[in-house]
Amino acid sequence: LEGKFDPFLAASKHAVLNTVSGNYAKELQESDEDRLTGWLGHELLQRGVHLEGITNGIDSAEYDPGNPEKAGIVSGFDILDGDLAGKQKCKEHLLSLLDGTKGLAVAQNGYLEFQPECPLLTFIGRLNEQKGVDVLVDGMRIFLEEGHDAQFAILGSGESYFEQQLAHLTEDERFKGRVCFLQGFDPRMA
């Protein structure tokens, strides 16, 4: 592929290749987003290899907000029944953790002021272009510069460029108390 050995191409005759979801498999073989892989998906398709998508998943019983002890949250809630009081308590607990004074298991950049009435927008994931983090960072900057009332909490790690961009947002005096970037990963924090 592009004049270089590619282990996926070599393996494609001998095994089923899969991706993290059916949508991603389709994206790799049917869209220009495949440019991010060096056109591996298109090359596989030309060779008659169709990618299988196996959707990432979590054990929903383990993270059921109706069972707060098992889920590791401070209060239970049930969105389907319209019971959101516990969700508000969880948000307030998260805000108290992100006030910049607690020692967390991840590197904390910035902090969030305790404003439970303010919308809190979150992202948890790998920080790279394939996950749309370029769009996220640009959107956050525009949103904040326009003075919209919201806070952002980002948890993840990945490409240093995006980690630096997020850290810079937390350092901007105009956005103090509104942006918190947690660099790394902690399942309990997630």
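A brief look at the structure comes next. (Residues numbered from 1 in each chain as written. Predicted model: local features only at pLDDT ≥ 70, side-chain atom pairs only at ≥ 80, totals over all residues. Heavy atoms only, no water.)

## Side note on the pattern of salt bridges
Under the counting rule described, the total for this entry stands at six salt bridges. The closest approach of N and O atoms between aspartate 172 and arginine 174, which form a salt bridge, is 2.6 Å. (Salt bridge = Lys/Arg side-chain N within 4 Å of Asp/Glu carboxyl O.)

## Overview of the sheet that holds strand E4 (residues 120-124)
Ordered by their spatial adjacency, four strands build an open sheet running E3-E6-E5-E4, and the pairing between neighbours is mixed. Strands at the two margins of the open sheet, each flanked by one partner only, are strand E3 (107-112) and E4. Here the strands of the sheet are splayed against their neighbours by 10° on average, with no regard to which way each runs. Bridging between E3 and strand E6 (residues 178-183) involves six bridges; their strand directions are antiparallel. When the bridges of E6 are listed, leucine 112 appears paired with arginine 178. (Pairing = 2+ DSSP bridges. Helix = DSSP H or I, 4+ residues; strand = E, 2+ residues; numbered from the N terminus. Axes fitted to C-alpha atoms, helices over the stretch in contact; angles between N-to-C directions.)

## Considering the nonpolar core
Core analysis: the largest hydrophobic core is formed by 14 residues, its most contacted members being Leu127, Val133, Met140, Ile154, Leu166, Leu169 and Val179. At the level of elements, helix H6 (133-145), strand E5 (151-156), helix H7 (160-171) and E6 are the ones that each hand at least two residues to this core. Excluding residues within four positions of it along the chain, isoleucine 154 makes contact with Phe123, Leu127, Leu136, Met140, Leu166, Cys180, Phe181 and Leu182. (Core = buried A, V, L, I, M, F, W, Y, C linked by side-chain atoms within 4.5 Å. Buried < 20%, exposed > 50% of the residue type's maximum accessible area, 1.4 Å probe, protein only. Contact = heavy atoms within 4.5 Å.)

## Side note on helix H5 (residues 85-97)
Counted at 1.5 Å a residue, the expected span for H5 with its 13 residues is 18 Å, and the 19 Å between its end C-alpha atoms agrees. Along H5, the residues classified as buried are Gly86, Cys90, Lys91 and Leu95. Considering only its buried residues, H5 is in contact with E3, E4 and E5. (Expected span 1.5 Å × (residues − 1).)

## Re the packing of aromatic side chains
Summed over the entire model, instances satisfying the criterion amount to two aromatic pairs. Taking 5.8 Å as the distance between ring centres and 90° as the angle between the ring planes, the aromatic pair formed by phenylalanine 143 and phenylalanine 152 counts as edge-to-face. Taking relative accessible area as the criterion, phenylalanine 152 reaches 5% and is therefore assigned buried. With 5.2 Å between their ring centres and 75° between their planes, tyrosine 161 and phenylalanine 162 make a pair best called edge-to-face. (Phe/Tyr/Trp six-rings, centres within 6.5 Å; stacked < 30°, edge-to-face > 60°.)

## Considerations on the side chain of aspartate 34
Here aspartate 34 shows up in the loop between helix H2 (22-30) and helix H3 (40-46). It turns out aspartate 34 is buried and unbridged, and the closest side chain with the opposite charge, arginine 35, is 9.5 Å from it. A polar atom in the side chain of aspartate 34 sits 2.5 Å from the side chain of threonine 37. A polar side-chain atom of aspartate 34 sits 2.7 Å from a polar atom in the side chain of histidine 42. Sequence-distant contacts of aspartate 34, defined by excluding residues within four places in its chain, comprise Glu27, Leu28, Trp39, Leu40, Gly41 and His42. (Lys, Arg positive; Asp, Glu negative; His and termini not counted. Polar contact = N/O pair within 3.5 Å; in protein donor to acceptor, adjacent residues only side chain to side chain.)

## Points about the pairing of E5
Here is the key point about a regular strand: its side chains alternate between the two faces of the sheet. Across the six residues of E5, six count as buried, placing the element largely inside the fold. Of the two faces of E5, both are covered, the one formed by Gln151, Ala153 and Leu155 as well as the one formed by Phe152, Ile154 and Gly156. By the bridge criterion, five bridges tie E4 to E5 in an arrangement that is parallel. Each residue of the ladder has a partner; that of threonine 122, found in E5, is alanine 153. Note on the crossover from E4 through H6 to E5: the handedness is right-handed. You can see the chain leave E5, run along H7 and come back into E6, and the turn it takes is right-handed. (Right-handed = clockwise from strand over helix to strand, strands pointing away.)

## Considerations on the environment of lysine 89
Here lysine 89 lies in helix H5. C-alpha separation for the pair lysine 89 and valine 74, spaced 15 residues apart in sequence, amounts to 7.1 Å. With residues up to four places along the chain from it excluded, the contact list for lysine 89 reads Val74 and Ser75.

## Some points on the packing of H6 against H7
Their axes nearest at 11 Å, the elements H6 and H7 cross at an angle of 15°. Put simply, H6 runs roughly parallel to H7. Classified by chirality, the crossing of H7 by H6 is left-handed. Here Val133, Asp134, Val137, Met140 and Arg141 of H6 lie close against H7, whose contacting residues are Phe162, Gln165, Leu166 and Leu169. A breakdown of the residues in the contact of H6 with H7 according to their chemical character gives six nonpolar, one polar and two charged. (Parallel < 35°, antiparallel > 145°, perpendicular 65-115°, else oblique. Left-handed = near helix turned anticlockwise from the far one by under 90°. Nonpolar A, V, L, I, M, F, W, Y, C, P; charged D, E, K, R; others polar.)

Read these as layout, nothing more, since geometry by itself doesn't imply function.
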